[in-house]
Amino acid sequence: MSRTIMLIPVGAGVGLTSVSLGVLRAMERKGVRVSFFKPIAQPRHGGDQPDLTTTIIRANSTMELADPFSMASAEELIRNDKTDVLLEDIVARFKAATANAEVALIEGLVPTRKHPFANQINYEIAKTLDAEIVFVVSPGTDNPAQLKERIEVACSNFGGIKNKQISGVIVNKLNAPVDSEGRTRPDLSEIFDDVEGTVPSNVEIMQVFNSSPIRVLGCAPWSAELIATRATDIAQHLNAEIINTGDLETRRIKSITFCARSIPNMVEHFRPGSLLVTSADRPDVIVAACLAAMNGVELGALLLTGGYDLPKPVMDLCERAFATGLPVMTAQGNTWQTSLNLQSFTLEVPADDKERVELVNEYMASHIDGNWIESLSEGSTRERRLSPPAFRYQLTELARKAAKRIVLPEGDEPRTVKAAAICAERGIAECVLLGNPEEIRRVAEQQGVVLGAGVTIINSDEVRENYVARLVELRGAKGMTDVVAREKLQDSVFLGTMMLENDEVDGLVSGAVHTTANTIVPPFQIIKTAPDASIVSSVFFMLLPDQVLVYGDCAINPDPTAEQLAEIAIQSADSAKAFGIEPRVAMISYSTGTSGKGADVDKVREATKLAQEKRPDLIIDGPLQYDAAIMENVAASKAPNSPVAGKATVFVFPDLNTGNTTYKAVQRSADLVSIGPMLQGMRKPVNDLSRGALVDDIVYTVALTAIQAEQANAK
C-alpha cells in the first residue's frame, strides 16, 4: 500500500458519508485498488448500531472491510486513559483490512457535543497511520472569508497549515439552502410556508482557491436529487398502513405537499415525485390525485391522514388509478401530527437503496479533482483491471469527446425520453427523438423531464417523404416502389435508418419496444456491413464486481462456421481494445486443448487457428472450457502453457445457443449489469436494446454508439 488518506469533517452535517463514497468511486474510476476503513463507528442515533458508511459499502460492493470499534468501547478506553491501547488495536485492524490496497481511505469522527474528543482522536489516528489529511467542510451560512477562516482554524488543530500531511479540503453542499443557524434546509416539504426565511449561501468557491493556501480537492454543489428518498422509506418511518402497494419500492419522493386548499389551487403541485398529504375524508383531493395518475403523472405517493377508512365507492372509483402504480398509504395521526413526524425523517441514504447509493457515488465522484486522484497511485506497477465504475466513466468521457448525434426511433417511449434528457445533461450525445412532438413533450412532462438543449425532436410525419426516393434507389433491385417505400417508412426504425444512411445522424439505438429483428433488419438492408467485415456479430460487456469481460456472439449468429467464428473473435478483440479492455481471447468449447474430439470442438479448434493466422498481434487461444478460461487454479491444471487460460477477458462462444444462455445465466445468477448487445461489423453504428432495458442501459448504449461512430470515422 502506498498512500493513506484520512477524511476529517470540520463540524457536523458536512455529508461525510457522501464524500467518502464519492472519493472511493473516483478512485475506482481510475482503476486504483482502494480499501476503506472506519476506525470507530459513529451511528447518527447513538448506541451500537452499525456504522452507516461501512454498512453501505458492504451492501453495494465486494470490498473487504474491517469492523470498526464500537463507540462505547472506544469511549471506555479513552475514559480510562488507554488511548494507546485503542490506537494499537486500530492499527492492527487497519493493516488487516488494507494489506492489498494501493490507497486506503479512512473516515474520521464527526465532532459533536456527545463526542468532543473527535478532533483529538482523529489527529492521533492520522499520525499513527501516517495518513494524509483531507478536511471535509460545508459552507453553511459562511461567506468566503469566514469559510477560509474556519478551514484555517481546523488546520490549527492538526499541526497548522505548514503540516505537510494536510493535503487539502473537499467542500460539500455548496449553495445548499440553509436557515439562519446554518442548518441545511432541504425543503423536501412545504411544511414551512415561510421559505423566505432561508438564507441561500452565495459562496464563490474560486475565492477560496485564490485566498487559501489549502488546496481544494473537490467541490460538490447541493443537489436535491441526492435526497430523493423512496416512498417505502417514508412509509416505514411513519409506520403507515399500505392501502395500495403499487410502485412503493421504486417511486421517489422529491417534494411533499399538504393539500389543505381547494383543488384549483392545488393542481400545480400534482407533479412527478410529489408526496400528496391529505386527510382521508377529502375525497375531492383523492379523486383529483387519481385523475393525475391516470393521465400519466407519476406522483410519488398519496398519504392519507386522520385514521379514517377509505370508503369502498371511492376505492372502486380509484381502481384504475391504483393500477398505474400509485402508492397509497394511511397514517393514524392527524395532518399536523403527521407533518411533525415527517420533519424527523432522516435523509441518510439507506444501505439497501442501491439506486440512490449509485447516484451519490457518481455525483460526488464527478466533483472530485481528477488530478489529485491520479496522483494517489503514481509509482504503482500493478497491472490495472478495468473495473465497472472505471468502464462506465470511460464510456461517458469518450462519448463526450466524440460529440455525436444519435437517433432514437422510439421517441415517445418513457424510458427513452428520460435517457435522452440524461444524455443531454451529461453531454454524452445529442439525441434525436422521432415521433409526434406533442406526444413526446407530454410523456416528458408526465415524468418531470425537461427536454432542452441537446435533445432534438423531429416530427416523423413531416420528414418521411424526404426519404422515399432514396429508399427506392437503394432497394429498387429488390422490388421497392414508392408505395412500398412510404409503407416501410411508417416504421420509425426504417425512418431512423434512412437518416443514418443520409449522414444526418451518426448512429441509431432502438429496441426498448421493438424486437431485435425489427431493430436490425432495416440497417442490414440499408446500411450493410463495413468494407473490412464479412459478418455482423455482437458483444455484451459484462460488468463483474472487479472487472469487465466481453462476451461474443450472444445475439446474432445462430451457428457460425469456423471462418465466421474466427471473424467474430477478431471483431470482439478489437471492440474490447477500443473500450480500454486488454484483449485476451478465449475460444470457448466443452473441451480444453486436445482432450476432446468431435465436430463442435473441431470447429472451435479450426476457428482458433484461423484467427491466430489472420491476426498474430492478438492473444487468442482455444478451445478452452469456461472454467479454464477464467479461473487461474483450473487453468494451472488444464492448460498450464496457455497465454489466455485463467486470465481471459474476451469469451467467444461457439454458437448462439451457448452464448445467449451463458450471458443470461451469469447476468441473472450473479445479479450483474450487462451492456449490449453492441453490434460489430456494420458500416455505421446501430445498436439493439433489451425490451426490459432500464434508463441507464439506454444511456450507456447511446454512449457506446457515439464512441463506435467516432472510431468508424477514424478508420
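Residue indices follow the written sequence of each chain, beginning from 1 at its first position. Where totals are concerned, whole chains, interfaces and linings use all residues; where local detail is concerned, this predicted model gives features only for residues with pLDDT of at least 70, and gives and counts side-chain atom pairs only at 80 or more. Side-chain calculation: all heavy atoms of the structure are included, whereas hydrogens and water are not.

A. Highlighting the overall build of the chain. In this description a helix means any DSSP run of H or I spanning at least four residues, a strand means any run of E spanning at least two, and both kinds are numbered starting from the N terminus. Within the chain one finds 28 helices and 24 strands. For the chain, whose C-alpha radius of gyration is 29 Å, the value lies close to the compact-globule estimate of 27 Å for 715 residues. Projected onto its principal axes, the C-alpha positions of the chain cover 85 × 70 × 50 Å. Burial classes: relative accessible area under 20% of the type maximum marks a residue as buried, over 50% as exposed, and values in between as partly exposed (1.4 Å probe, protein chains only). Across the 715 residues of the chain, 54% fall into the buried class. Taking contacts inside the chain between residues at least 6 apart in sequence as the whole, the part at least 24 apart equals 75%. For the chain, the accessible area works out to roughly 31,500 Å², and carbon and sulfur atoms hold 49% of it. Values of the radius of gyration come from C-alpha atoms, whereas the globule rule sets the reference at 2.2 Å times the count of residues to the power 0.38. Residue contacts are counted whenever heavy atoms from the two residues lie within 4.5 Å of one another. Only the protein chains shown count as cover for residues, with accessible areas throughout obtained via the Shrake-Rupley method and a probe of 1.4 Å.

B. Quick peek at the sheet that holds strand β3 (residues 103-107). Any two strands are treated as partners once DSSP identifies two or more bridges connecting them. Overall, parallel pairing links the 6 strands, which are arranged β2-β3-β1-β4-β5-β6 in an open sheet. With one partner strand each, in any of the chains shown, β2 (34-37) and β6 (216-221) form the two edges of the open sheet. Pairwise comparison of adjacent strand axes, ignoring direction, gives a mean angle of 20° for this sheet. Between the N-to-C directions of two axes lies an angle of 0 to 180 degrees, each axis being a line fitted to C-alpha atoms and, for a helix, fitted only over the stretch in contact. Strand contacts of helix α4 (residues 83-98): β1 (3-9), β2 and β3, with the helix running at about 155° to β2, the strand carrying the most contacts.

C. Quick look at the pattern of salt bridges. By salt bridge we mean one thing: a side-chain nitrogen of Lys or Arg within 4 Å of a carboxyl oxygen of Asp or Glu. Enumeration according to the criterion identifies 37 salt bridges in this entry. Here Glu 76 ties to Arg 79 by a salt bridge, and the two come within 2.9 Å at their closest N and O atoms. Within this pair, Glu 76 and its partner Arg 79 are both found in helix α3 (residues 71-79), separated by 3 residues, close to a single helical turn. Of the residues examined, Glu 76 reaches a relative accessible area of 39% and is grouped as partly exposed. One salt bridge connects Lys 312 with Asp 316, and the closest N-O pair in it is separated by 2.9 Å. Of this pair, Lys 312 and Asp 316 both sit in helix α10 (residues 312-317), 4 residues apart, which is roughly one turn of that helix. A residue is classified by how much of its surface remains accessible, and Asp 316, at 41% relative accessible area, is partly exposed.

D. Main features of the environment of Asn 633. When you line up the elements, Asn 633 lands in helix α26 (residues 632-638). Taking the C-alpha atoms as reference points, Asn 633 and Gly 646, separated by 13 residues in sequence, lie 7.3 Å from one another.

E. Region of interest: the packing of aromatic side chains. Two aromatic rings from Phe, Tyr or Trp, using only the six-membered ring of Trp, form a pair when their centres are within 6.5 Å; if the ring planes differ by under 30 degrees the pair is stacked, by over 60 it is edge-to-face, and anything between is tilted. Taken as a whole and assessed by the stated rule, the structure comprises 10 aromatic pairs. Plain terms: the ring middles of Phe 391 and Phe 541 are 5.1 Å apart, the flat faces sit at 35° to each other, and that makes the pair tilted. Of this pair, Phe 391 sits in helix α15 (residues 388-402) while Phe 541 sits in strand β18 (residues 537-543), and the two are 150 residues apart along the sequence. For the ring pair Phe 540 and Tyr 663, a centre distance of 3.9 Å and an interplane angle of 20° mean the geometry is stacked. Highlighted residues: Phe 540 in strand β18 and Tyr 663 in helix α27 (residues 656-669), separated in sequence by 123 residues. Three or more aromatic residues joined by ring pairs make a cluster, and in this case those are Tyr 551, Tyr 626, Phe 651 and Phe 653.

F. Region of the structure containing the domain arrangement of the chain. Domain assignment breaks the chain into domain 1 (3-187 + 196-222), domain 2 (229-344), domain 3 (387-523) and domain 4 (529-681). Averaged C-alpha coordinates put domain 2 and domain 3 at centres separated by 37 Å. Residue-level contacts link 5 residues of domain 2 with 6 residues of domain 3. We define buried area as the total accessible area lost by two parts upon association, computed with a 1.4 Å probe and summed across both. Of all residues in domain 2, Pro 272, Gly 296 and Glu 298 bury the most surface against domain 3, accounting for 74% of the area lost on that side. Each domain's limits were defined by an automated method or a database of domain assignments.

G. Broad picture of helix α17 (residues 437-446). Every buried residue of α17 is accounted for by Pro 437, Ile 440, Val 443, Ala 444 and Gln 446. In the core, the buried residues of α17 are packed alongside α16 (414-426), β15 (430-435) and β16 (455-459). Between N or O atoms, a polar contact is any pair within 3.5 Å; within protein, one atom must be a potential hydrogen donor and the other a potential acceptor, and residues adjacent in sequence are included only when both atoms are from side chains. Two to three positions downstream of the cap, the backbone nitrogen of Glu 438 sits 2.9 Å from a side-chain oxygen, assigning the N-cap of α17 to Asn 436. Residue Gly 448 follows α17 closely and has a positive phi angle near 70°.

H. Structural view of the environment of Leu 694. Relative to the helices and strands, Leu 694 resides in the loop between β24 (686-688) and α28 (695-714). As for Leu 694 and Val 171, which are separated by 523 residues in sequence, their C-alpha atoms are 33 Å apart.

I. The UniProt feature "domain: DRTGG" (unreviewed entry) in the chain, seen in detail. UniProt positions are given in the numbering used here, feature names are shortened, and annotations may be inferred rather than shown by experiment. Per the UniProt record, "domain: DRTGG" (unreviewed entry) is found at residues 233-344. Between the first and last C-alpha atoms of residues 233-344 the distance is 13 Å; the span itself is 33% helix and 21% strand.

J. Looking closely at a negative patch on the surface. Candidates for patches are residues over 30% relative accessible area with no salt bridge; among them, like charges are joined within 9 Å and nonpolar side chains (Val, Leu, Ile, Met, Phe, Trp, Tyr) within 5 Å. Note on charges: Lys and Arg go in the positive column, Asp and Glu in the negative column, and His and the chain ends are not counted at all. All charge positions are set by atom: Lys at NZ, Arg at CZ, Asp at CG, Glu at CD. A contiguous patch of negative charge, built from Asp 81, Asp 84, Glu 88 and Asp 89, is present on the exposed surface. On the secondary structure map, Asp 89 appears in helix α4. Residue classification places Asp 89 among the partly exposed positions, given a relative accessible area of 34%.

K. Geometry of the sheet that holds strand β10 (residues 255-258). Taking strand neighbours across the sheet as the criterion, the 5 strands line up as β8-β13-β12-β11-β10 in an open arrangement whose pairing is mixed. At either end of the open sheet lies a strand with only one pairing partner, and these are β8 (241-244) and β10. Averaged over all pairs of adjacent strands, the angle between their axes in this sheet comes to 25°, without regard to strand direction. Pairing of β10 with strand β11 (residues 274-279), which is carried by 4 bridges, proceeds in the parallel orientation. Opposite Phe 258, over in β11, you have Val 277 as the bridge partner.

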